[in-house]
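The lines below spell out each chain.
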Amino acid sequence: MKKIILSTLLGMGLFALPMAAQEPSTDKAAGEFDKSGKRIVKGAKKSGTAMKHGEVVASGKEAGKATGTAVKHAAKGTAEGARVVGDKTEDVADKSGRATVKGAKKVGDKAEDVWDKTSRETVKGAKKTGRVVKDALDGHDEKQK
């Protein structure tokens, strides 16, 4: 009895798990392609039924209508997919542009720091040289520190 209950619970769990894991699709392009396929199937069934009853013209009409609608939905799906790809590409370009600007700012800041440090050292050296020259002209030795 325990085996039957355990088997039943395991079977129900295996059946329910995929159902619970499925998320509703929010992909518009996939939805349009699904509509396209469903419309072709529906049109083929109607066309086949009309042909079975001997209505050749009606069969062709149903097939043409189904094909036209299916192509329309497929085109919408393709356009939506292209739009999504364009948006993602734009996001990547924006992100890389921001990263480039950030890197350029860092390089600029470091170069400015180096320039400031170099210029301070140059000014210090020039002042020291100026004092030495002044002392030499005055006839005094360099100041003792």
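Treat the numbers as computed from the prediction; the structure is a model and nothing was measured. By convention here, each chain's residues receive numbers from 1 onward along its written sequence. With pLDDT at 70 or above as the cut-off, local features in this predicted model cover only qualifying residues; side-chain atom pairs require 80 or more to be listed or tallied, and sums for whole chains, interfaces and linings still use all residues. Side-chain measures here rest on the full set of heavy atoms in the structure, leaving out hydrogens and waters.

**Observations concerning the side chain of Glu32**
Alright, step 1. By the criteria applied, helices consist of DSSP H or I runs no shorter than four residues and strands consist of E runs no shorter than two, each listed in order from the N terminus. Position of Glu32 among the secondary structure elements: in helix H2 (residues 28-52).
Alright, step 2. What makes two residues a contact is simply this: any of their non-hydrogen atoms within 4.5 Å. Those residues in contact with Glu32 that lie beyond four places of it in its chain are His73, Lys76 and Gly77.

**Description of a positive patch on the surface**
Alright, step 1. Only residues whose relative accessible area exceeds 30% and that form no salt bridge are eligible for patches; like-charged ones are grouped when within 9 Å, while nonpolar side chains (Val, Leu, Ile, Met, Phe, Trp, Tyr) are grouped when within 5 Å. The method behind every accessible area is Shrake-Rupley, applied with a 1.4 Å probe, and residues are considered shielded solely by the protein chains displayed. By definition, a salt bridge exists where a carboxyl oxygen of Asp or Glu is found within 4 Å of a side-chain nitrogen of Lys or Arg. Under the convention used here, Asp and Glu are negative, Lys and Arg are positive, and both His and the chain ends fall outside the count. To locate a charge, take atom NZ for lysine, CZ for arginine, CG for aspartate or CD for glutamate. Among the surface-exposed residues, Lys42, Lys46, Lys61 and Lys65 lie close enough to one another that they form a single positively charged patch.
Alright, step 2. Taken together, the elements giving at least two residues each to the positive patch come down to H2 and helix H3 (56-138).
Alright, step 3. Its location among the elements puts Lys46 in helix H2.
Alright, step 4. Each residue is assigned to one of three classes by its accessible area relative to the maximum for its type, calculated with a 1.4 Å probe on protein chains only: buried under 20%, partly exposed between the two thresholds, exposed over 50%. For Lys46, a relative accessible area of 41% corresponds to the partly exposed category.

**Overview of the pattern of salt bridges**
Alright, step 1. Taken as a whole and assessed by the stated rule, the structure comprises two salt bridges.
Alright, step 2. Between Glu32 and Lys35 there is a salt bridge whose closest N-O contact spans 4.0 Å. Placement of the pair is Glu32 and Lys35 together in helix H2, with a separation of three residues, close to one helical turn.

**Remarks on the environment of Phe33**
Alright, step 1. By the element assignment, Phe33 lies in helix H2.
Alright, step 2. A relative accessible area of 41% means that Phe33 is categorised as partly exposed.
Alright, step 3. Remark: the alpha-carbon pair of Phe33 and His73, spanning 40 residues in sequence, is separated by 6.3 Å.
Alright, step 4. In this view, Phe33 contacts Ala74, Gly77 and Thr78; residues no more than four positions away in its chain are not counted.

**Looking at H3**
Alright, step 1. Helix length check: H3, at 83 residues, gives a terminal C-alpha distance of 121 Å against a target of 123 Å (1.5 Å per residue), a fit within 8%.
Alright, step 2. Taken residue by residue, H3 has Ser59, Glu62, Ala66, Ala70, His73, Ala74, Gly77, Glu80 and Asp135 as its buried positions.
Alright, step 3. Along its buried surface, H3 packs onto H2.
Alright, step 4. Gly139 sits one or two positions beyond H3 and adopts a positive phi of about 90 degrees. For a helix, the expected span equals 1.5 Å multiplied by the number of residues minus one.

**Details of the side chain of Glu80**
Alright, step 1. Assignment of secondary structure puts Glu80 in helix H3.
Alright, step 2. The buried category is assigned to Glu80, whose relative accessible area is 14%.
Alright, step 3. Setting aside residues up to four positions removed in sequence, Glu80 forms contacts with Lys28 and Ala29.

**Thoughts on the confidence of the model for the protein chain**
Alright, step 1. Values of pLDDT, which run from 0 to 100, indicate the predictor's confidence residue by residue. Averaged over every residue, the pLDDT of the protein chain is 77; residues scoring 70 or more account for 78%.
Alright, step 2. Ranking the helices and strands of the protein chain by mean pLDDT puts H2 first, with 85, and helix H1 (residues 2-21) last, with 56.
Alright, step 3. Here residues 20-25 scores under 50 on pLDDT; set against residues more than four positions off or in separate chains, the count is zero contacts.

**Quick word on H2**
Alright, step 1. With 25 residues, H2 extends 36 Å from end C-alpha to end C-alpha; this agrees with the ideal 36 Å at 1.5 Å per step.
Alright, step 2. When H2 is considered as a whole, its buried residues turn out to be Ala29, Glu32, Ser36, Arg39, Gly43, Ser47 and Ala50.
Alright, step 3. Those residues of H2 that are buried are in contact with H3.
Alright, step 4. Gly54 occupies a position one or two residues after H2 and carries a positive phi of about 85 degrees.

**Details of the packing of H2 against H3**
How two helices sit against one another is set out by the angle between their axes and by the gap between those axes.
Alright, step 1. Look at H2 against H3: their axes get within 8 Å of each other, and the N-to-C directions meet at 175 degrees. Overall, the two elements H2 and H3 adopt an arrangement that is roughly antiparallel. To obtain an axis, a line is fitted to C-alpha atoms, over the contacting stretch when the element is a helix, and the angle between two such axes runs from 0 to 180 degrees between their N-to-C directions. Just so you know how the angles are binned, under 35 degrees is roughly parallel, over 145 roughly antiparallel, 65 to 115 roughly perpendicular, and the rest oblique.

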